[in-house]
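# Breakdown of the fold
Next come the chains, spelled out residue by residue.
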Amino acid sequence: MRVQPITNNIYVNKNINNRKADVISFQGFFNQAPSITDKFKAGLAALDNNTIFVVTRNKENSDFYLSRYIDKIDIPVHKIVTLEAPLSDDDKVPYVKDNFVVYKKDNQYKLMPLDSGYSVLRFYKNSHSLGEKIKNGEVTSIPYDSMIEIGGIDIKEKYFVFEDIKYNPSLADKYLKVNNNIATPEALARFNSQAFISINSHSDKQDLKTGGKQFTFADVGGLDDVIEECKKYITRPIEYPEAYKNIRLNKGILLYGPPRCGKTLLGKAIANEVGAKFAYVNGNEFKTGTVGSSEGNVRQAFDKLINDAPSILFIDEFDSIGKKRDGSSNARYDDSVVNQILGCMSDLEKNDALSFVVAATNRKDLLDPALLASGRFGVHLEIPMPNEEALSQIFDIHSKNKPFGDDISKPALINMMFKNSFNGSDVAECITNAYFNALERLGMYKKMDAKLFEYSDIAKIKISQGDFIKSIEKIAKLKG
Ligand code: ATP
């Protein structure tokens, strides 16, 4: 199964057990229904003869079981609406504990748990378990009222779901659970502590676990041509392997170019686009200091890559292990690692597994020419410093959901960034810094320190042109 989140609450379903499902976009719809309960009701309302509604507290888990049990759903599945449900360790409040699918057939709601083993669906309303005990993958009819209870009606009275994290990047990786009212001093104190449990219906929740967002090509700015090449060499062959039978695929792709312009980001996006496993390794990590074990590490990584297919191994700082061999005794260690990589790449190429190695370097000139040959890393894609158009795209990507004031003149900012040789990372940093400047300028830091910061203050935070200019100047100075 390949189910990929493209944005909150939306999955693109390309292929579930060889069934094709359409792309569905419910974002606007869900945005208009901000509480968990409303989202749940909205999901139910969206059900028709070929739509299922997946409610999940653990996306990976539910994806896994959905692919296993989708054949038990006795309607054709063309669309999937998803909602990440509240998660709580507190049994006293209403919440949905298990992953499940809801669909509608003959005007009846059907429910199927998506969890491991014999699953007890623990749905609570005012501390009462509805007591449904259903085997994983079994389908049960259930009345609409119970559905709503499952969705956690009244939940908004118990919880404040802090959805507008966009207003505060420093909270971007945290979600909030507070009783009743966030604006109380006590709630605010908790607001600033680390002790929050994530409960939001937000796909980024899993980032807390993985430490990395689920990037897609839409998150990569200014590299359309390179993305097209990545589709050609990697993602289309993974998505449509039948179309590439008997074709010798290029298993090694080299991304090269200056630091912080999106090489790693692109590697992650490639993997996420097609639901492939992604492993990141810094070239230096292969090194153990002793001849022999480094080669073992390389071999192990390649074996795992093939085992995990479809998969992508991203080797960062490739030059640290792929330096030109010079045959001297000093270089014996490095040379043997290069030889091992060459051997592994030959094996990988012969293997039918849809596994690719994407290597990244800032110093292509240091690499051993044999590594750059066809059949090894024969595809070389340059990730250059962004030009103004690329900076503009990167700026748009990173400024999504940021509170900009009316005086922002984007062309002037982009031009200033270009003149100061900003890379992609500088653009992202610049927006965060500009936000901090706004907080300071608007006296929010003082309010926070005096515990006077109110929820209503968040809406007052707007980044001005001056905040940006200050931020660009600061970064330009740091760059020297
Ligand atoms: P290095 O060579 O130092 O490993 P890199 O080229 O792999 O750098 P990334 O790690 O991909 O660079 O970029 C760092 C961060 O900068 C990204 O996570 C992203 O936030 C931002 N960024 C860089 N380039 C882009 C881009 N083209 N589009 C959007 N964001 C970008």
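Residues numbered from 1 in each chain as written. Predicted model: local features only at pLDDT ≥ 70, side-chain atom pairs only at ≥ 80, totals over all residues. Heavy atoms only, no water.

### Here's the deal with the overall build of the protein
Spelled out, the test is: Helix and strand assignments come from DSSP, with helices taken as H or I runs of at least 4 residues and strands as E runs of at least 2, each series counted from the N terminus. For the exposure calls, accessible area comes from a 1.4 Å probe over protein chains only, and a residue counts as buried if that area is under 20% of its type's maximum, exposed if over 50%, partly exposed in between.
When helices and strands are counted, the protein shows 17 helices and 18 strands. Counting all 480 residues of the protein, 50% fall into the buried class.

### Some points on the site of the ligand
To keep things clear, this is the line we draw: We call a residue near a molecule or strand as soon as one heavy atom of that residue lies within 4 Å of the molecule or strand. Any pair of nitrogen or oxygen atoms within 3.5 Å is treated as a polar contact; in protein, a donor-acceptor pairing is required on top of that, and neighbouring residues in sequence qualify only through side-chain atoms on both sides. Accessible areas in this description were obtained via Shrake-Rupley with a 1.4 Å probe; residue shielding takes into account the shown protein chains only.
Neighbouring residues of the ligand: 17 residues in total, closest Gly221, Arg260, Thr264, Leu265 and His398. Taking Gly221, its main chain carries an N or O atom lying 2.9 Å from a nitrogen atom of the ligand. Asp316 places a polar side-chain atom, nitrogen or oxygen, 3.4 Å from an oxygen atom of the ligand. Considering the ligand on its own, with 630 Å² of exposed area, one finds that the protein chains cover 85% of that surface. Where the shell around the ligand is concerned, the elements lending two or more residues are α9 (263-273), α12 (388-398) and α14 (424-441). Examining the composition of the shell around the ligand, we find that three residues originate from one element, α9, more than from any other.

### Looking at the sheet that holds strand β18 (residues 379-382)
What counts is decided by this rule: We call two strands paired when DSSP finds no fewer than two bridges between them. Simply put, an axis is a line fit to the C-alpha atoms, just over the touching stretch for a helix, and the angle between two N-to-C directions goes from 0 to 180 degrees.
Pairing is parallel in the open sheet, where five strands are placed in the order β15-β16-β17-β14-β18. Strand pairing shows two members of the sheet lacking a second neighbour, β15 (277-282) and β18, which therefore form its edges. The average undirected angle you get between the axes of adjacent strands in this sheet is 20°. Bridging between strand β16 (residues 311-316) and strand β17 (residues 355-361) involves five bridges; their strand directions are parallel. Its bridge partner lying in β17, Leu313 is registered against Val357.

### Here we look at the pairing of strand β5 (residues 100-105)
Bridge analysis of strand β3 (residues 51-56) against β5 gives four bridges, and the strand direction is antiparallel. Residue pairing in the sheet places Val54 in a bridge with Val101 of β5. Where β5 hands over to strand β6 (residues 108-113), the hairpin turn is made up of two residues, of which Asp106 adopts a positive phi near 50°.

### Description of unusual backbone geometry
The peptide bond linking Ala309 to Pro310 adopts the cis configuration, its omega dihedral lying at 0°. By the secondary structure assignment, Pro310 is in the loop between α10 (293-307) and β16. Positive phi outside glycine occurs at Glu317, with the angle close to 45°. Within the secondary structure, Glu317 sits in the loop between β16 and α11 (332-350). With relative accessibility at 38%, the residue Glu317 sits in the partly exposed group.

### Considering empty space enclosed by the protein
What counts here: Note on definitions: the grid is 1 Å and covers protein atoms alone; a cavity is a set of points where a 1.4 Å probe fits but cannot get out; a pocket is an open set with protein on both sides within 12 Å along at least five of seven lines; lining residues have an atom within 4 Å of a point. Grid points are joined across faces, edges and corners, and a volume is the space filled by probe spheres set on the points. Under the convention adopted here, Pro, Cys and the residues Ala, Val, Leu, Ile, Met, Phe, Trp and Tyr are nonpolar, Asp, Glu, Lys and Arg are charged, and Gly plus all remaining residues are polar.
Counted according to the given criterion, the structure contains two cavities of 30 Å³ or more. Counted as a void, the second largest cavity has a volume near 30 Å³. Surrounding the second largest cavity, Gly221, Gly222, Leu223, Cys261, Pro384, Pro386, Ala390 and Ile394 form its lining. In the lining of the second largest cavity, the residues fall into six nonpolar, two polar and no charged.

### Examining the packing of aromatic side chains
Defined as follows: In this scheme Phe, Tyr and Trp rings, the latter by its six-membered ring, pair at centre separations within 6.5 Å, and the angle between planes marks the pair as stacked below 30 degrees, edge-to-face above 60, and tilted otherwise. Consider the ring centre and the ring normal. A charge sits over the ring if Lys NZ or Arg CZ is within 6 Å of that centre and within 35 degrees of that normal.
Within the structure shown, the criterion is met by six aromatic pairs. Here Phe278 and Phe314 contribute two aromatic rings whose centre-to-centre distance is 6.0 Å and whose plane-to-plane angle is 40°, an arrangement assigned as tilted. Of this pair, Phe278 sits in strand β15 while Phe314 is found in strand β16, placing the two residues 36 residues apart along the sequence. Residue classification places Phe314 among the buried positions, given a relative accessible area of 0%. Among the aromatic side chains, those forming a connected cluster through ring pairs are Phe278, Tyr280 and Phe314. Its guanidinium or amino end placed over the ring of Tyr256, Lys364 lies 4.4 Å from that ring's centre, counting from NZ or CZ.

### Side note on the pattern of salt bridges
Rules: By definition here, a salt bridge exists when the distance from a side-chain nitrogen of Lys or Arg to a carboxyl oxygen of Asp or Glu is within 4 Å.
One pass over the full model with this rule turns up twelve salt bridges. Across the pair Arg248 and Glu349 runs a salt bridge whose closest N-O atoms are separated by 3.7 Å. In this pair, Arg248 is assigned in the loop between α8 (224-239) and β14 (252-256) and Glu349 in helix α11, connecting sequence segments 101 residues apart. Connected through salt bridges with shared partners, the residues Arg299, Asp303 and Asp347 form a single ionic network.

### Here we look at α9
Of all eleven residues that make up α9, eight are buried, and the element is covered over most of its length. All of the buried residues in α9 are Lys263, Leu266, Gly267, Ala269, Ile270, Ala271, Asn272 and Glu273. In the stretch just after α9, Gly275 is the one whose phi turns positive, near 65°.

### Details of the pairing of β14
The buried count for β14 comes to four of five residues, which makes it a mostly enclosed element. Sheet topology note: the β14/β17 ladder contains five bridges and is parallel. Pairing of Gly252 across the sheet is with Val357, part of β17. Sheet topology note: the β14/β18 ladder contains four bridges and is parallel. Opposite Ile253, over in β18, you have Val379 as the bridge partner.

### Observations regarding the packing of helix α13 (residues 410-419) against helix α17 (residues 465-479)
Describing two packed helices takes the angle between their axes plus the distance from one axis to the other. Stated formally: In this scheme, roughly parallel covers angles under 35 degrees and roughly antiparallel covers those over 145, while 65 to 115 is roughly perpendicular and the rest are oblique. For this analysis, residues touch if any pair of their heavy atoms sits within 4.5 Å.
Contact pair α13 / α17: the axes reach a minimum separation of 10 Å and the direction vectors enclose 5°. By the angle class used here, α13 and α17 are roughly parallel. Across the interface between the two elements, Ala412, Leu413, Met416 and Met417 of α13 pack against Gln465, Phe468, Ile469, Ile472 and Glu473 of α17. Split by residue class, the contact of α13 with α17 holds seven nonpolar, one polar and one charged.

Geometric descriptors of this kind do not, in isolation, establish any biological role.
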